[in-house]
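# An overview of the molecular structure
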Amino acid sequence: MADSAIWVEGLVKRFKSVVALKGIDFEVQKGTIFGLLGPNGAGKTTTIRILATVLRADEGQARVMGHDVFEEPFAVRCQIGLAGQNAAVDPNLTGRENLRMIGKLAQVASSEIRRRADELLDTFDLMDAADRPLRTYSGGMRRRLDVAAALVSRPPIIFLDEPTTGLDVQSRTELWGVIRNLVADGSTVLLTTQYLEEADQLADRIAVMDLGRIVANDTAALLKSRLGNTVIEMEMENEAQSAWAEDVLQKTVADGQIEHEGVLVRINTDKGPLILIQAIRSLDAWGLVPIGLSVREPSLDDVFLTLTGTQAISSAPTTALGGGYS
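Remember, it's a predicted structure, so these values are computed and weren't measured experimentally.

## As for the sheet that holds strand β13 (residues 264-269)
Ordered by their spatial adjacency, 4 strands build an open sheet running β12-β13-β11-β14, and the pairing between neighbours is antiparallel. In this open sheet, the two strands that pair with only one neighbour each are β12 (257-261) and β14 (292-296). Across the sheet, the axes of successive neighbouring strands diverge by a mean angle of 15°, strand direction being ignored. Bridging between β12 and β13 involves 5 bridges; their strand directions are antiparallel. Within the sheet, the bridge partner assigned to E259 lies in β13 and is R266. Across the sheet, helix α9 (residues 239-252) is in contact with β11 (230-235), β12 and β13; its angle to β12 comes to roughly 170°. Against the sheet, helix α11 (residues 300-308) contacts β11, β12, β13 and β14, and its axis sits at roughly 85° relative to β12.

Below you can see the structure in the form of structure tokens.
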């Protein structure tokens, strides 16, 4: 664990009859971005809250920068910055006042607080609004200030719980740049997201979560490579035809992972040209004619669908969403 910023083994968390975490394990190396990817209800936020010492696990172990999360909570809090789903800032204070207040609470040296607040306001493009009450900020501005607040004390580890929820495309892209710069400067980031694009763009390693379990943990490239080099998608006229087409292809195509979803029949394979010819010939023999056809490389969306049986969100929406356990 010498190079580990975060180490987790066998974490279990129950909320009465609901088991939110079912024995998860993962390790985050120093100076990297680790993504927890999954839909609402997967257990991402519960994991973050345990590591941030807000919740206590029912079973398992966890260490942050070598400190036991359950036995040394104060030492852990000194090592982390947290930007949760709901803004942890005061709407009645200005942006500058909020950052200075966070600095005092984090016991940043008085001589450093003012300079650090101004530095973050500039980094997050909030200097023009620095002396306006937070209640006058747009959703994107509030979100940027919330992330800035997590950085006031220059923590070596930063927890970002769905940081781009509610941001427009430009704000999201700018925040991605800030996150990359943090890691370039030596920080470690644990990022939760339900957006495939965000995980693919940012994370050095991705753990896919579903219903309280980690169902895969690898780099984006290796996760995609599990599905083969080619994805063939054929659109049929209706779902009954796509189910029939899947049944035909399961019996006649020599090599490939075959499934149907709605009107689409999908084949993942390492032998794209050969399998495409086999598939078209097989369907034609049964009088099945696709109305649409595409051939492409696997995406993180394909990985997520294969692992969880559901589709995640390909890119972030531009309207604010509520927080909660996820």
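This is not the end of the story, as more comes after the structure.
## Focus: the domain arrangement of the protein
As far as domains go, the protein holds domain 1 (4-222) and domain 2 (228-297). For domain 1 and domain 2, the distance between their C-alpha centroids amounts to 41 Å.

## Description of a negative patch on the surface
There is a patch of like negative charges on the surface, built from D122, D125, D128, D168 and E174. Among the structural elements, D125 can be located in the loop between α4 (110-123) and α5 (139-149).

## Here's the deal with the pattern of salt bridges
Under the criterion given, the structure shown has 16 salt bridges. In this structure, R115 and E119 form a salt bridge, with 3.0 Å as the shortest nitrogen-oxygen distance. Note that R115 and E119 are positioned in helix α4 at a spacing of 4 residues, about one turn of the helix. Where R116 meets E119, a salt bridge forms, and the shortest distance between an N and an O atom there is 2.7 Å. Of the two residues, R116 and E119 are both situated in helix α4; the distance of 3 residues between them amounts to about one turn of the helix. By relative accessible area, R116 is classed as buried at 7%. Linked through salt bridges whose partners overlap, the residues forming this network are E112, R115, R116, E119 and R154.

## As for a nonpolar patch on the surface
On the surface, a nonpolar cluster with roughly 250 Å² of combined accessible area is contributed by I280, L293 and V295. Looking at the element boundaries, V295 is found in strand β14.

## Observations concerning the nonpolar core
The biggest cluster of nonpolar side chains holds 36 residues, and the ones touching the most others in it are L99, F124, L145, L160 and V189. For this core, the secondary-structure elements that each account for two or more residues are α3 (95-105), α4, α5, β7 (157-161), α6 (169-184) and β8 (188-193). It is α6 that provides the largest number of residues to this core, a total of 6 residues. Once residues within four sequence positions are removed from consideration, L145 is found in contact with V89, G95, N98, L99, L121, L126, L134 and Y137. Listed in part, the 28 residues of the second largest apolar core include I6, L11, L21 and L190.

## Remarks on the pairing of strand β2 (residues 18-29)
When strand β1 (residues 4-15) meets β2, the two strands line up antiparallel, connected through 9 bridges. Paired with I6 across the strands is V28, a residue of β2.

## Topic: the packing of α3 against α4
It is at 9 Å that the axes of α3 and α4 come closest, and there the two elements cross at 130°. Accordingly, the angle class assigned to the pair α3 and α4 is oblique. In this structure, the crossing between α3 and α4 has a hand that is right-handed. Side by side, α3 and α4 meet where G95, R96, L99, R100, G103 and K104 of the first sit next to I113, R114, A117, D118, L120 and L121 of the second. Here the contact of α3 with α4 is composed, by residue class, of 5 nonpolar, 2 polar and 5 charged.

## A short note on the packing of α9 against helix α10 (residues 272-285)
Two elements in contact, α9 and α10, have axes separated by 10 Å at closest approach and are oriented at 120°. What the angle tells us is that α9 and α10 run oblique. For the pair α9 and α10, the crossing hand works out as right-handed. Touching A245, V248, L249 and T252 of α9 are Q278, A279, S282 and L283, all from α10. Across the contact of α9 with α10, the residue classes tally to 5 nonpolar, 3 polar and no charged.

## Digging into the sheet that holds strand β4 (residues 59-64)
Spatial strand order, β2-β1-β4-β5: 4 strands in an open sheet with antiparallel pairing. Single-partner strands in this sheet number two, and they are β2 and β5 (67-68). As defined by bridge partners, β1 adjoins β4 across 5 bridges and the pair is classed as antiparallel. Of the residues in β4, the one forming a bridge with E9 is Q61. Seen against the sheet, helix α1 (residues 44-51) touches β1, β2 and β4 and runs at an angle of roughly 65° to β2.

## A few points about the environment of L211
One can find L211 in the loop between β9 (205-210) and β10 (213-218). L211 gets classed as exposed once you look at its relative accessible area, which sits at 55%. Once residues lying within four places of it in the same chain are set aside, the contact partners of L211 are K22, G41 and A42.

Conventions we followed
- Residues numbered from 1 in each chain as written.
- Predicted model: local features only at pLDDT ≥ 70, side-chain atom pairs only at ≥ 80, totals over all residues.
- Heavy atoms only, no water.
- Pairing = 2+ DSSP bridges.
- Helix = DSSP H or I, 4+ residues; strand = E, 2+ residues; numbered from the N terminus.
- Axes fitted to C-alpha atoms, helices over the stretch in contact; angles between N-to-C directions.
- Contact = heavy atoms within 4.5 Å.
- Domains from an automatic or database assignment.
- Patch = residues over 30% accessible without salt bridge, like charges linked within 9 Å, V, L, I, M, F, W, Y side chains within 5 Å.
- Areas by Shrake-Rupley, 256 points an atom, 1.4 Å probe, with all protein chains shown as cover.
- Salt bridge = Lys/Arg side-chain N within 4 Å of Asp/Glu carboxyl O.
- Lys, Arg positive; Asp, Glu negative; His and termini not counted.
- Charge placed at Lys NZ, Arg CZ, Asp CG, Glu CD.
- Buried < 20%, exposed > 50% of the residue type's maximum accessible area, 1.4 Å probe, protein only.
- Core = buried A, V, L, I, M, F, W, Y, C linked by side-chain atoms within 4.5 Å.
- Parallel < 35°, antiparallel > 145°, perpendicular 65-115°, else oblique.
- Left-handed = near helix turned anticlockwise from the far one by under 90°.
- Nonpolar A, V, L, I, M, F, W, Y, C, P; charged D, E, K, R; others polar.

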